[in-house]
Amino acid sequence: MGRNHARILSSLEGVEFVGAVDPAGDPHGSLRGLLGAQGVPVLPEVADLLALGVDYAVIACPTGLHEEVGLQLAAHGVCALIEKPLAHTAQAARRLVRAFEERGLVAGVGHVERFNPALQQLRSRLEAGELGEVFQVVTRRQGPFPHRIADVGVVKDLATHDIDLTSWITGAAYASLSARTVSKSGREHEDMVAVVGSLVDGTMVSHLVNWLSPLKERFTAVTGERGCFVADTLTADLTFHANGAVATEWEALRAFRGVAEGDTVRFAFPKREPLAVEHERFRDAVRAGQAAEGCGIVTIREGLRTVEVSAAVLESARGTSDLAVPHGASDPGGAGGPDAQTGAGGAGQEAGATGETAPAFRTREADQAPAERGASAHRSAHVAERTA
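Everything in this summary refers to the structure shown in the same document.

Definitions and cut-offs
Residues numbered from 1 in each chain as written. Predicted model: local features only at pLDDT ≥ 70, side-chain atom pairs only at ≥ 80, totals over all residues. Heavy atoms only, no water. Helix = DSSP H or I, 4+ residues; strand = E, 2+ residues; numbered from the N terminus. Buried < 20%, exposed > 50% of the residue type's maximum accessible area, 1.4 Å probe, protein only. Contact = heavy atoms within 4.5 Å. Areas by Shrake-Rupley, 256 points an atom, 1.4 Å probe, with all protein chains shown as cover. Pairing = 2+ DSSP bridges. Phe/Tyr/Trp six-rings, centres within 6.5 Å; stacked < 30°, edge-to-face > 60°. Salt bridge = Lys/Arg side-chain N within 4 Å of Asp/Glu carboxyl O. Axes fitted to C-alpha atoms, helices over the stretch in contact; angles between N-to-C directions. Parallel < 35°, antiparallel > 145°, perpendicular 65-115°, else oblique. Nonpolar A, V, L, I, M, F, W, Y, C, P; charged D, E, K, R; others polar. Core = buried A, V, L, I, M, F, W, Y, C linked by side-chain atoms within 4.5 Å. Lys, Arg positive; Asp, Glu negative; His and termini not counted. Expected span 1.5 Å × (residues − 1).

**Looking at the overall build of the chain**
Inference 1: Of regular secondary structure, the chain possesses 9 helices and 17 strands.
Inference 2: Counting all 388 residues of the chain, 53% fall into the buried class.
Inference 3: Look at the contacts in the chain between residues 6 or more apart in sequence, and 70% of them connect residues 24 or more apart.
Inference 4: Accessible area for the chain stands at about 17200 Å²; split by element, carbon and sulfur atoms hold 51% of it.

**Some points on the pairing of strand β11 (residues 227-232)**
Inference 1: Burial of β11 is extensive: 5 of the 6 residues sit out of reach of the surface.
Inference 2: The sheet contact formed by strand β10 (residues 217-224) and β11 spans 6 bridges and is antiparallel. Across the sheet, the residue bridging to Phe-219 is Asp-232, located in β11.
Inference 3: Between β10 and β11, which pair antiparallel in sequence order, lie 2 residues.
Inference 4: Two elements, β11 and strand β12 (residues 237-243), share 6 bridges in a ladder whose sense is antiparallel. Note on β12: the bridge partner recorded for Asp-232 is Asp-237.
Inference 5: Linkage of β11 to β12, two consecutive antiparallel strands, is achieved through a turn of 4 residues, within which Ala-236 is found at a positive phi near 60 degrees.

**What about the packing of aromatic side chains?**
Inference 1: Applying the stated criterion across every chain yields a total of 3 aromatic pairs.
Inference 2: Arranged with centres 4.7 Å apart and planes meeting at 40 degrees, the rings of Phe-229 and Phe-240 form a pair that is tilted. With a gap of 11 residues between them, Phe-229 in strand β11 and Phe-240 in strand β12 connect regions that are remote in the sequence.
Inference 3: A relative accessible area of 0% means that Phe-229 is categorised as buried.
Inference 4: Judged by its relative accessible area of 13%, Phe-240 falls in the buried class.
Inference 5: Aromatic side chains Phe-229 and Phe-267 sit 6.3 Å apart centroid to centroid with 35 degrees between the ring planes, which places their arrangement in the tilted category. One end of the pair, Phe-229, is in strand β11; the other, Phe-267, is in the loop between β13 (261-266) and α8 (274-288), with 38 residues separating them in the sequence.
Inference 6: Three or more aromatic residues link up through ring pairs in this structure, and these residues are Phe-229, Phe-240 and Phe-267.

**Observations regarding the environment of Phe-282**
Inference 1: In this structure, Phe-282 sits in helix α8.
Inference 2: For the pair Phe-282 and Ile-297, spaced 15 residues apart in the sequence, the C-alpha separation amounts to 6.1 Å.

**Digging into the pattern of salt bridges**
Inference 1: Enumeration according to the criterion identifies 17 salt bridges in this entry.
Inference 2: Among the ionic pairs, Arg-141 bridges to Asp-162, the shortest N-O distance being 3.0 Å. Within this pair, whereas Arg-141 is found in strand β6 (residues 134-142), its partner Asp-162 is found in helix α6 (residues 154-170), the two being separated by 21 residues in sequence.
Inference 3: The residue Arg-287 makes a salt bridge to Asp-284 at a minimum N-O spacing of 3.9 Å. Residue Arg-287 and its partner Asp-284 are both found in helix α8; the two are separated by 3 residues, about one turn of the helix.
Inference 4: Judged by its relative accessible area of 37%, Asp-284 is partly exposed.
Inference 5: Each of Glu-113, Arg-141 and Asp-162 takes part in one network of salt bridges that share partners.

**What to know about the environment of Arg-305**
Inference 1: If you trace the backbone, Arg-305 turns up in helix α9 (residues 300-318).
Inference 2: Judged by relative accessible area, Arg-305 falls into the buried class, the value being 16%.
Inference 3: Separated by 138 residues in sequence, Arg-305 and Ser-167 have C-alpha atoms that sit 9.9 Å apart.

**Considering the packing of helix α3 (residues 66-75) against helix α4 (residues 90-102)**
Inference 1: Closest axis-to-axis distance for the α3/α4 pair is 9 Å, and the angle between their directions is 10 degrees. The angle between α3 and α4 places the two elements in the roughly parallel class. The segment α3 lies against α4, with His-66, Glu-67, Gly-70, Leu-71 and Ala-74 engaging Ala-92, Arg-95, Leu-96, Ala-99 and Phe-100.
Inference 2: Of the residues contributing to the contact of α3 with α4, the split by class is 6 nonpolar, 2 polar and 2 charged.

**Looking at the nonpolar core**
Inference 1: Ranked by size, the top nonpolar core spans 53 residues in total, and within it Tyr-56, Leu-73, Leu-86, Phe-100 and Ile-300 carry the most contacts.
Inference 2: Here this core gets 7 residues from one element, more than from any other, and that element is α4.

**Considerations on the side chain of Glu-278**
Inference 1: Mapped onto the secondary structure, Glu-278 falls in helix α8.
Inference 2: Buried and without a salt bridge, Glu-278 has Arg-114 as its closest oppositely charged side chain, separated by 8.5 Å.
Inference 3: Here Glu-278 is in contact with His-5, Leu-81, Val-109, Gly-110, His-111, Val-112 and Phe-115, once residues within four sequence places are set aside.

**Points about unusual backbone geometry**
Inference 1: Geometrically, the link from Lys-84 to Pro-85 is a cis peptide bond, its omega value of -10 degrees lying close to zero.
Inference 2: Structurally, Pro-85 can be placed in the loop between β4 (79-83) and α4.
Inference 3: The phi torsion at Ala-236 lies on the positive side, around 60 degrees, for a residue other than glycine.
Inference 4: As for its placement among the helices and strands, Ala-236 is situated in the loop between β11 and β12.
Inference 5: Residue Ala-236 is classed as buried on the basis of its relative accessible area, which comes to 8%.

**Structural notes on α9**
Inference 1: Here α9 contains 19 residues, and its C-alpha end-to-end distance of 27 Å stays within 8% of the 27 Å for a straight helix at 1.5 Å per residue.
Inference 2: Most of α9 is tucked away, with 18 of its 19 residues classed as buried.

This is the structure we're talking about:
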């Protein structure tokens, strides 16, 4: 993913792309020729990048290293766009939130699906009330196994897309969920997950995500009282299937279909590359020195909520019953209220000093240490740039 970030940054207006960090160098020649014959320098350590005096950096290394690199950048006053998921555990994600917020630094998370034009259109139309009351959100994200992913399973790598976009397009947090996972590829992590649940407003949700399918599918359907929106984020198409206004006279069909079939419309709209839009929004946030929700980026606190939901998915999959998701306030700086350890009053619900409401989750997930720096075979590039 670091190579894709480098491609965008090399031509991003108002940004000077000054270097990348990768202990393995540039074996694929991805940076060769960018911004001149010599290309962008590839540095061995984050400290070498910090010596260049950068204003912000993109963290595109394995998930287990996000915390280590992010804390290093925050300590030196460098803003960061961190690839999704924010961190490998909820505890690590909270430490990152605390590090950047305490220093007043802009930090975002690379949930690039939010910038897909089909989902941008879908959210705008839902906000305008075109669907009426929303009943259900269904997502399917399937495809072959990606050999570049080695340190997390399909829940944290892929399902986090669906978790984030579902809350974003509906404006509602998760309330409860039940999940099942399997691992068929011989790795320690899961490669298939099925999730069913509900949001705090009563909307039903369903996610099917796997690395075991020979077909690639990126499907989001939102069903409501006036019909159904279907977004294909591979082609950036958005289609609306309306409930019919004309009664079906054929009794057998009427009984079978329930809701009458109406018009089907595929919308036409501009389609820009989502990653380019994501970088433009983050550049503008750094310039403004603001990373509050609604500023156009996926904030680091929103990224924390997604990590918390993914932890709840894995916890549910380890058990045999539904998992209630308390709707409280995430506080990266604390360990929760007096009952946080026992689960009384909400099983680990945390009280936030800011008063901002967000879902909090129970988790038995160990706070694992990042991989040793020597194990860098799968490490991608840390890309950084300096604003003009």
